[in-house]
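# Architecture at a glance
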Amino acid sequence: MTHLHPDRLFPASEPAQTIARQLYSEVSDLPLISPHGHTDPAWFANNQRFSDPASLFLTPDHYVLRMLRSRGLSYDDLGVPRKDGKSVAAGRDAWRLFAANYYLFAGTPSKTWIDHSLKASFGIEEELSGETADAIYDRIDAALATPDLLPRAVLDNANVEVIATTEFALDTLPHHQKMKADGYIGRVRTTYRPDDVTDPSRPAIAANLQKFGELTGEDITRWDGLINAHRIRREFFRQHGAVATDHGVPTANTADLPLVDKQALLDRVLAGTHTANDAELFRAQMLTEMALLAVEDGMVMQIHAGSRRNTDPLLFTERGPDLGADIPGTTDYVNGLRALLSRCGNEPNLRLIMFVLDETTYARELAPMAGYWPSLLVGPPWWFHDSPQGIRRYLDQVVESAGFYNLAGFNDDTRALLSIPARHDVWRREVCGFLGRWVGENRISRSTARDVAKHLSYQAAKDAYRIK
Amino acid sequence: MTHLHPDRLFPASEPAQTIARQLYSEVSDLPLISPHGHTDPAWFANNQRFSDPASLFLTPDHYVLRMLRSRGLSYDDLGVPRKDGKSVAAGRDAWRLFAANYYLFAGTPSKTWIDHSLKASFGIEEELSGETADAIYDRIDAALATPDLLPRAVLDNANVEVIATTEFALDTLPHHQKMKADGYIGRVRTTYRPDDVTDPSRPAIAANLQKFGELTGEDITRWDGLINAHRIRREFFRQHGAVATDHGVPTANTADLPLVDKQALLDRVLAGTHTANDAELFRAQMLTEMALLAVEDGMVMQIHAGSRRNTDPLLFTERGPDLGADIPGTTDYVNGLRALLSRCGNEPNLRLIMFVLDETTYARELAPMAGYWPSLLVGPPWWFHDSPQGIRRYLDQVVESAGFYNLAGFNDDTRALLSIPARHDVWRREVCGFLGRWVGENRISRSTARDVAKHLSYQAAKDAYRIK
Amino acid sequence: MTHLHPDRLFPASEPAQTIARQLYSEVSDLPLISPHGHTDPAWFANNQRFSDPASLFLTPDHYVLRMLRSRGLSYDDLGVPRKDGKSVAAGRDAWRLFAANYYLFAGTPSKTWIDHSLKASFGIEEELSGETADAIYDRIDAALATPDLLPRAVLDNANVEVIATTEFALDTLPHHQKMKADGYIGRVRTTYRPDDVTDPSRPAIAANLQKFGELTGEDITRWDGLINAHRIRREFFRQHGAVATDHGVPTANTADLPLVDKQALLDRVLAGTHTANDAELFRAQMLTEMALLAVEDGMVMQIHAGSRRNTDPLLFTERGPDLGADIPGTTDYVNGLRALLSRCGNEPNLRLIMFVLDETTYARELAPMAGYWPSLLVGPPWWFHDSPQGIRRYLDQVVESAGFYNLAGFNDDTRALLSIPARHDVWRREVCGFLGRWVGENRISRSTARDVAKHLSYQAAKDAYRIK
């Protein structure tokens, strides 16, 4: 049997446990707001059945893959596709290997999410293991053929009120166009993530910028044409539900250059003569440009800063990105955002949500910054830190300087559709546990705790992302 | 009703709660030692009534202002004076706005301090809100007219044994001179903070140095004259109660240059031709000079390193410094203090208290350094970290390497006079909670816990600052 | 009486306390695996009595010395030898001073270790103090003359199954050779620590490299000869039980240079014309070379990165290294190991254990790295962080991303032989406390907790170091 105790994650001792349980009972059934994530819009547009258990739970989940690899299992045997097209293990074989090594996940959030998903979506309460591998595989496989496991039914069953996907600037949004025709936009929304045309470290940058010009009819060889292309594209994304933009950047650096320098920088990027410093400066300038456009159009800006991508060149060559070799780095948000904030940090229409993988910035930078600037909010714990202990460290370090009302609520930020309710559930339990401890220490009243628990479970995300 | 439970902040569970409560009962009434802070010496010199509630609680408290601003309220509407003299909201109007938004402070130390102050000084137990705004304003306003709320009575009522203010090197200390004539020096003391003549990043530095020479009769254009001017000024400050110096610096960097280099650096500063690097080097050298003077005269040296000041240029231009836009930065104390410590770190007469806004240094640098050098003590949690969770992180990380006896006790470090008892109370509660947990875990004996609780509540600060 | 409560360090509240106690009862008597440390191999080779209490407990323990120094006691009075041969206090006098100041250690791991050692090895339960100093000294001194306190008996009594010492590359291992003849190798093992021939910042580097060539018969002036000398020396160490190498480096930087650059670098080092950057690059390249040799011979590689050594020049001049003036620094493991991991991070035979003094890397770097790379494990908390709170912060931050099975178990890493059982006991208690809290929060099952407690107490270290 898995270990999904009804009181899981609540404080072990009284009175905090009972208070947490009471708080949780008032928030556990609130609808889910998922304003940032990476689910596939094709699922919701086409509403076709998921193919098989391994491609649902295993191969798209880099948390799971990386742990298995770290203990010596090979990505071939786990069925992770190769660029050279050589064959890899079939779904059921990979699943068996995963199941036999499932004990490795003890203590990790992955186990919590998977156990929760197996129970909530398939009614499975047996612990995944070598012995139960086939039976569980068959049970999932059979369920995937039923209407209850179609993508839109999954959203219904999980009470997902809003979910945002993330698309690059050059994406023509075919799936969102279909959903728009279906009247499904609003529940599903896109997000504008222009990294494909703002990051000169991508080999295809010049080609991408050229396509960007063609797509928008703007002359992107001139700086104002480039900015106008973004303006046009943001409008197009908004027509498909977008309320936000997202920016995945190695650092939080921003710049505010004179036009002549911006044009020269663009010239070098288009000519392919830019240096690594130029690439950083271009990204930095584009963040400020995105902020200025956000002042114009009211889209909420998200910065996800500090992942060191593709640290294993062998993996990248063999199979590509997003397979577990991205590792956090230090981030300096104060010096990083200085140029952007000096330019437009006091604009009432600007809303910027900060995400980090460097927890040392929570109390030192993010909370004090969000506790001063009207434009800034602290994003929820990201990636490796979206875990019970990660959420505890986050609340411990941000609340006192930022208060509860400068937090952006929760993001699940996942590709793993079935894990969405599990992730929100962990957040809600941890928020209630945190508040239960504080009520138990007579630091806040029960009624305040109740208000805050509801706010952080639901309304904070809607407010942060301006979702009406 | 506010939430000032008698057991607030103590551990929620037994046996730690009962132990903490017992420990606290022995320290809660000890006199307050306030060896570092920013109260206005004019208050204690003149002992005049405070003008009104808003100018007591709201406009001087950058913790409060910044939070309100972060949620979109304007400093004009909060009554924060402008440099251009344009009118801002009157006290009562600002107060109403503050009160209506007081729920934003849930979970912040500001709420703890304000609730405590309202109750302790005015007997007010109603929660501040839009509804109670006027009644509470009137009640405070009436009380301010009574003798009990005169500044010296506030010190008496709060059982403040010693309080230090902080003045710049060029300050002529008129209020302390008056208090000296009154026999009030000793209870109130000044502190020598020579940033006005040691920080070349200040536009007025050359003019300030010239005044410094005039004030002391020394030739500050020569390095030894400059040092002698400090020697003279430190003596003057000591005559007005000073036991310590204080140094607010962006980094903890120190230097120990040959005389010829020091003179050349001074020449450039006086000529206004210094670079940013020169400014840093000048500050670094001056820290070492201050340490050498401390070896001579026995004044305790405080370094407050790592605040990035005035990160919002608009705010600075409109209204000036100290209004919430200072944000912490990373600090390297080990490399920073290397020159100073190599020069005089083993001098028995040197006492240097280290303060940081970068909590990552607690366990990595400050505690190991204080646990080795006889001259070093770890200062209490500073600024954003002077909060219940901040104190917990601090004790968690410093005690095991520094022990309890290399800590400098508590500082309230505040401009907000009425919050002083509240801040000391939080420290004492947290110390007792920490010790209660450790006794509960059978790590230290009750008698040791009792000794340590008393030490950290009272004697540690007297010892650290050599207050007889 | 000292405070060695049977439930010490366990959670204060139920149900976590009872769960922790039950878990501990199953691991407390497991044999000790000590795969990394600094005990003197002469002890085990010669099995002679220890000379006196002060030279056992005081003068070799830099944790103890540094604390006493930090409160103003002099190393002369504590009996720490001087390079100039001037006399220092005798053992009993130093002991009295130590005892009279033993209260300073309240809250430190040193006190836990010493109290535990005094009780376990000598049956002493009185608290060390000025009053008890002589009686305890005499009791220890008498016991040291008995067979029970001979070094090998100490290993027997403490149930030490394996203990590794650490020797430099030039060490001829005379004591291990004697133990090999005795059939004692296996229980005692050496470790290959080639810092003496890999760190060009040592003044003797050129002479050391020359000796290295003589010792191995290789031409160390050529890069391949240098590497072959290591190959030969590693084999020699393996013949004396070594399963691992160890590398004490200021940073975790690695390099992977072309042969021509490596040879040029070696030429400069041998000529004594290398810069500080050359020294860093040489160390960086040698780490990669050691990894490549580890792929060949299967020795486990340990990197201890980030200590800033000898920060007090006066101490170093007067008395030498390892006396308390080494302070932690920040470490960047991700960028640091990039070259090494790109070269051989996916080799199945590579095993690399990472140690840090910068706790900010636990969740940000070490756990994510070990949770991806099959070659990496997270070493236990090191040095200042090998303490109850240090272990809590470690488990809090590494488990969720690395899992339990990417941890290397425990190291005592000590010169203080008698403290070994005490240190393992603290680790086991903290592991059980951690698991007890998680079972109490219904996050993991009791049976999983039991498996993990046993694994981290014993088998993890054997597995990590490939001890059969």
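Residues numbered from 1 in each chain as written. Chains lettered and ligands numbered in written order. Predicted model: local features only at pLDDT ≥ 70, side-chain atom pairs only at ≥ 80, totals over all residues. Heavy atoms only, no water.

Stated formally: UniProt positions are given in the numbering used here, feature names are shortened, and annotations may be inferred rather than shown by experiment.
Chain A goes by Uronate isomerase in an unreviewed UniProt entry, where it is assigned to Devosia litorisediminis. Check the Pathway (unreviewed entry) section of the UniProt entry for chain A; it says "Carbohydrate metabolism; pentose and glucuronate interconversion." Under the UniProt heading Catalytic activity (unreviewed entry), the entry covering chain A gives this text: "D-glucuronate = D-fructuronate".

### Remarks on the overall build of chain A
Rules: Strands are runs of DSSP state E lasting at least two residues, helices are runs of H or I lasting at least four, and both sets are numbered from the N terminus onward. Put simply, the radius of gyration uses C-alpha atoms, and a globule should come to 2.2 Å times the residue count raised to 0.38. Think of it in three bands: with a 1.4 Å probe and only protein chains considered, a residue is buried below 20% of the maximum accessible area for its type, exposed above 50%, and partly exposed in between.
Counting its regular elements, chain A contains 20 helices and eleven strands. Here the C-alpha radius of gyration of chain A, 22 Å, is about what a compact globule of 468 residues would show, namely 23 Å. Once the C-alpha set of chain A is aligned to its principal axes, its extents read approximately 65 × 60 × 45 Å. Counting across all 468 residues of chain A, residues that qualify as buried make up 65%.

### A look at the packing of aromatic side chains
Quick note on the threshold: Only centres within 6.5 Å qualify two rings of Phe, Tyr or Trp (six-membered ring in Trp) as a pair; their planes then separate them into stacked at under 30 degrees, edge-to-face at over 60, and tilted for everything else. By definition, being over a ring means that NZ of Lys or CZ of Arg is both within 6 Å of the ring centre and within 35 degrees of the ring normal.
For the structure on display, the rule yields 72 aromatic pairs over all chains. Ring centres 6.4 Å apart and planes at 80 degrees place the aromatic pair F404 of chain A and F434 of chain A in the edge-to-face group. Placement of F404 of chain A in the loop between α18 (388-402) and α19 (420-440) and of F434 of chain A in helix α19 is noted, with a sequence separation of 30 residues between them. A single burial state applies to F404 of chain A and to F434 of chain A, both of which are buried. Members of the aromatic cluster, each reached through a chain of ring pairs, are F57, W95, F98, Y102, F105, F122 and Y137 of chain A. Lying across the ring of F316 of chain C, K83 of chain C places its NZ or CZ 4.7 Å from the centre.

### Quick look at the relation of the copies chain C and chain B
Short version of the rule: A least-squares superposition brings the copies together, and it is based on the C-alpha atoms of residues with pLDDT no lower than 70 in both. Contact between two residues is taken to exist if any of their heavy atoms lie within 4.5 Å; hydrogens are not considered.
Screw-axis analysis of chain C against chain B gives a translation of 0.0 Å along the axis, an RMSD of 0.0 Å, and a rotation angle of 120 degrees. These values place the two chain copies in the arrangement generated by a three-fold rotation axis. Looking at the interface residues of chain C, only 4% of them are also at the interface in chain B, so each copy uses its own face.

### A look at the interface of chain A and chain B
Note the following rule: Buried area is a sum: the accessible area each of two parts loses on coming together, probed at 1.4 Å, counted once for each and added. For this document, the term salt bridge refers to a Lys or Arg side-chain nitrogen within 4 Å of an Asp or Glu carboxyl oxygen. Pairs of N or O atoms are called polar contacts if they sit within 3.5 Å, as long as, within protein, a hydrogen donor faces a hydrogen acceptor (for residues adjacent in sequence, only side-chain-to-side-chain pairs). Throughout this entry, Asp, Glu, Lys and Arg are counted as charged residues, while Ala, Val, Leu, Ile, Met, Phe, Trp, Tyr, Cys and Pro are counted as nonpolar. The remaining residues, Gly among them, count as polar.
On the chain B side, the residues contacting the 39 residues of chain A number 48 residues. Summing the contributions of chain A and of chain B, the shared interface buries around 3400 Å²; its carbon and sulfur component is 53%. Ranking the residues of chain A by area buried against chain B places R364, Y372 and E400 of chain A at the top, with a combined share of 23%. Between the two partners, chain A and chain B, sit six salt bridges. For R308 of chain B, the salt bridge is made with D332 of chain A, and the minimal N-O distance between the two is 3.2 Å. Where chain A touches chain B, the interface holds 22 residue pairs in polar contact (both at pLDDT 80 or more). Of all the secondary structure elements, the ones that give two or more residues to the side of chain A that touches chain B are α16 (333-344), α17 (361-370), α18 and α19 of chain A. Considering only residue class, the side of chain A that touches chain B consists of 16 nonpolar, 14 polar and nine charged.

### Side note on the interface of chain C and chain B
Counting residues at the interface gives 48 residues for chain C and 39 residues for chain B. Summed over both partners, the interface of chain C with chain B comes to about 3400 Å²; 53% of that surface belongs to carbon and sulfur atoms. For the pair chain C and chain B, the number of links is six salt bridges. Note that R364 of chain B is salt-bridged to D358 of chain C, the shortest N-O span being 3.1 Å. Summed over the shared surface of chain C and chain B, the number is 23 residue pairs in polar contact (both at pLDDT 80 or more). Residue assignment for the side of chain C that touches chain B shows that the elements contributing at least two residues are α4 (62-70), α15 (313-319), β9 (327-328) and α18 (388-402) of chain C. Of all the elements, α18 of chain C adds the most residues to the side of chain C that touches chain B, at five residues. Of the residues that constitute the side of chain C that touches chain B, the class distribution is 20 nonpolar, 16 polar and twelve charged.

### Some words on the environment of E167 of chain C
All names here are of chain C. By secondary structure assignment, the location of E167 is in strand β3 (residues 167-168). Classification of E167 by relative accessible area gives buried; the value is 6%. Once residues lying within four places of it in the same chain are set aside, the contact partners of E167 are P41, L173, H176, T190, T191, Y192, R193 and F237. In terms of polar contacts, E167 uses its side chain to reach the side chain of T190, at 2.5 Å.

### Describing the sheet that holds strand β2 (residues 160-164) of chain A
Residues and elements named next belong to chain A. As a reminder, the rule being used: Note: two strands are recorded as paired if DSSP finds a minimum of 2 bridges between them. Each axis is a line fitted through C-alpha atoms, and for a helix only the stretch in contact is used; angles between axes span 0 to 180 degrees, taken between their N-to-C directions.
If you walk across this open sheet you meet the three strands as β1-β2-β4, and the pairing is parallel. One side of each edge strand has no neighbouring strand; the edge strands of this open sheet are β1 (32-34) and β4 (188-189). Pairing of β1 with β2 involves three bridges; the strand directions are parallel. Within β2, the residue paired with L32 across the bridge is V160. Running over the sheet, α19 touches β1 and β2 and is turned about 105 degrees from β1.

### Brief notes about the sheet that holds strand β1 (residues 32-34) of chain C
Ordered by their spatial adjacency, three strands build an open sheet running β1-β2-β4 (chain C), and the pairing between neighbours is parallel. The open sheet terminates on both sides in strands that have one partner only, identified here as β1 and β4 (188-189) of chain C.

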